[in-house]
Amino acid sequence: MLDGTMHIKRISPSLSLLLRTRVRDADGTAAGRLYDIAVATGADAGRVAGLVIKSRTGVGWVSATEVTQLAEGSLQLAPGAVLEPLRGDESFVLLRQDLLDRQIIDVHGRKVVRVNDVDLQWFEEDAEGAPLAATGAVAVPSPGAGPRTDLRVREVEVGFRGAARRLLLGLLPLDAIEAITCRITARVIPWDFVDLIEADPARRVKLKLSHERLAALHPADIADILEDLGPAERDAIFATLDEGVAAHALEEADLTLQRSLVESMGPERMASIVDEMDPEAAADMLAELPAERSSSILEEMEEEQRQDVEELLEFRENSAAGRMTTDYVHVPHTATLAEAVEALRNFEGAPETVTEIYLLEGEVLKGVVPLARILLAPPHTRLAEIAESRFACVQAEAHEREVAELFDKYNLRALPVMNAQGELVGVVEADHVIAFLRGTT
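Residues numbered from 1 in each chain as written. Predicted model: local features only at pLDDT ≥ 70, side-chain atom pairs only at ≥ 80, totals over all residues. Heavy atoms only, no water.

Engineer: Kindly report on the overall build of the chain, identifying the contributing residues and their values.
Structural biologist: Each helix and strand counted, the chain has 19 helices and 24 strands in total. When burial is assessed residue by residue, the chain has 45% of its 441 residues classed as buried. At a minimum sequence separation of 6, the contacts of the chain that also span at least 24 residues come to 61%. (Helix = DSSP H or I, 4+ residues; strand = E, 2+ residues; numbered from the N terminus. Buried < 20%, exposed > 50% of the residue type's maximum accessible area, 1.4 Å probe, protein only. Contact = heavy atoms within 4.5 Å.)

Engineer: Please set out the pattern of salt bridges residue by residue, giving values where relevant.
Structural biologist: Side-chain pairs of opposite charge can arise where the charged atoms are in close proximity. The full count for this structure, using the stated rule, is 15 salt bridges. Close ionic contact of Asp119 with Arg161 constitutes a salt bridge, the shortest N to O distance being 3.5 Å. Placement of the pair is Asp119 in strand 12 (residues 117-125) and Arg161 in helix 3 (residues 160-168), with a sequence separation of 42 residues. Per residue, the accessibility class of Asp119 equals that of Arg161, and both read buried. The closest approach of N and O atoms between Arg259 and Glu288, which form a salt bridge, is 3.6 Å. (Salt bridge = Lys/Arg side-chain N within 4 Å of Asp/Glu carboxyl O.)

Engineer: Please set out the sheet that holds strand 21 (residues 364-370) residue by residue, giving values where relevant.
Structural biologist: Strand order in the open sheet formed by 3 strands is 19-20-21, and the pairing between neighbours is mixed. Each edge of the sheet is formed by a strand with only one pairing partner; in this case those strands are strand 19 (330-332) and strand 21. On average, each strand axis in the sheet is inclined to that of its neighbour by 30 degrees, with strand direction left out of account. As judged from the 6 bridges shared by strand 20 (residues 356-361) and strand 21, these two strands associate in the antiparallel manner. (Pairing = 2+ DSSP bridges. Axes fitted to C-alpha atoms, helices over the stretch in contact; angles between N-to-C directions.)

Engineer: Can you tell me about the sheet that holds strand 24 (residues 424-429), naming the residues and giving the values?
Structural biologist: Here we have 3 strands laid out as an open sheet, ordered 22-23-24, and mixed in their pairing. A single partner strand is all that each edge strand has here, and the edge strands are strand 22 (394-395) and strand 24. Note that strand 23 (residues 414-418) and strand 24 share 5 bridges and pair antiparallel. Across the sheet, the residue bridging to Leu415 is Val428, located in strand 24. Against the sheet, helix 18 (residues 400-410) makes contact with strand 22, strand 23 and strand 24, and its axis sits at roughly 135 degrees relative to strand 23, the strand it touches most.

Engineer: Tell me about the packing of aromatic side chains, residues and numbers included.
Structural biologist: Tallied over the full model, the rule gives 2 aromatic pairs. Look at Tyr328 and Tyr358: their rings are 6.0 Å apart centre to centre, the planes differ by 90 degrees, and that puts the pair in the edge-to-face class. You can see Tyr328 sitting in the loop between helix 14 (320-323) and strand 19 and its partner Tyr358 sitting in strand 20, a full 30 residues away along the chain. Accessibility assignment for this pair places Tyr328 and Tyr358 in one class, buried. Stacked on the ring of Tyr35, the Lys or Arg Arg96 has its end atom at 4.2 Å from the ring centre. (Phe/Tyr/Trp six-rings, centres within 6.5 Å; stacked < 30°, edge-to-face > 60°. Lys NZ or Arg CZ within 6 Å of the ring centre and 35° of its normal.)

Engineer: Any details on unusual backbone geometry? Residues and values, ideally.
Structural biologist: Phi is positive for Arg20, close to 75 degrees, though the residue is something other than glycine. Among the structural elements, Arg20 can be located in the loop between helix 1 (15-18) and strand 2 (22-24). Backbone geometry at Asp101 places phi at a positive 70 degrees, although glycine is not the residue there. Considering the arrangement of structural elements, one finds Asp101 in the loop between helix 2 (95-99) and strand 10 (103-106). The partly exposed category is assigned to Asp101, whose relative accessible area is 37%.

So this is what it looks like as structure tokens:
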């Protein structure tokens, strides 16, 4: 004992090795074994709030402040410490019950991983609770001592090291397990990258990323992550996305995942997401839903977007019109370059999909202007002067195989779709053709 503080060597304890630790009362009699660790949420997220102890009479928990000593191989409770029953509505997370073996998202690896273990770290704090430094040695103060130590979650283990540690439990002494597993390369996610939603009454913790981290991922990566999650976690993650991010992720998801996500949302919320989708992708998705569900979403959509989607729903899926989008940039055939730039700025679709601007007389297509020509032309140029007057186009009812052949023959980036009156009704983009071709292989 030095300066009223007991020093015990224990480097970054892990949850699996702490569980089943003996717990003794203040007089040294057996009180039970450590069954779980309660971790605070909110402002104190990550701090160990208490210990869950299994005794002969049942399972209860005690505040971390009631643990005055940590002796080798055992925990000792403060005089007068009483085990409180677990009600199920506490504002903390139970590491063993709510986190171990759960799926979480590795934002750096852009994938879903399983929690195999949880590493904790002792931090020394001043009397006001401000952290002084992390320490590998456990220094648990006696009552009245100055600095105190605070046990926090440091990281979650998602690799083989955590799994191996748990497999060896009961087969080897703890020191031998530590000696073996410390040689295995760790795969961990820092606790700062794991954001916890409060536990619900069913004691299920849903793990999410902050909006900024998740929104920074490519929509295809988000769709892959959602597909790998269980239904409850998937719905919780999807609910945190704003409409635009959710819409792009839905466009990248397969139809089975789309149906699952749509069923988890109310019609109003789903309509606000579908409003942000490419009309062609929205129509493809709604066409696969039960008619009643599709109609309820359409009724809640913005009128202009709803009309675009309803028009697409009327066409055969394997036709040019069934593959086209109604989101494209068009201006009158008499427009100037400045007017084209203004039309681009006002375009509400995905800007990265725009490769051409279409010149119309009424609704009849008169010319196509590639974006590269707009960038190179003088400011007062009339678009008709730099337009391609000879351009490939396709009839709305043409089969998608004909569309693919035209893209291949003319090395197209986009293909205008015309109705029987020669009016422009939509545009097939390259990624629509790629999706079709992938589906045939």
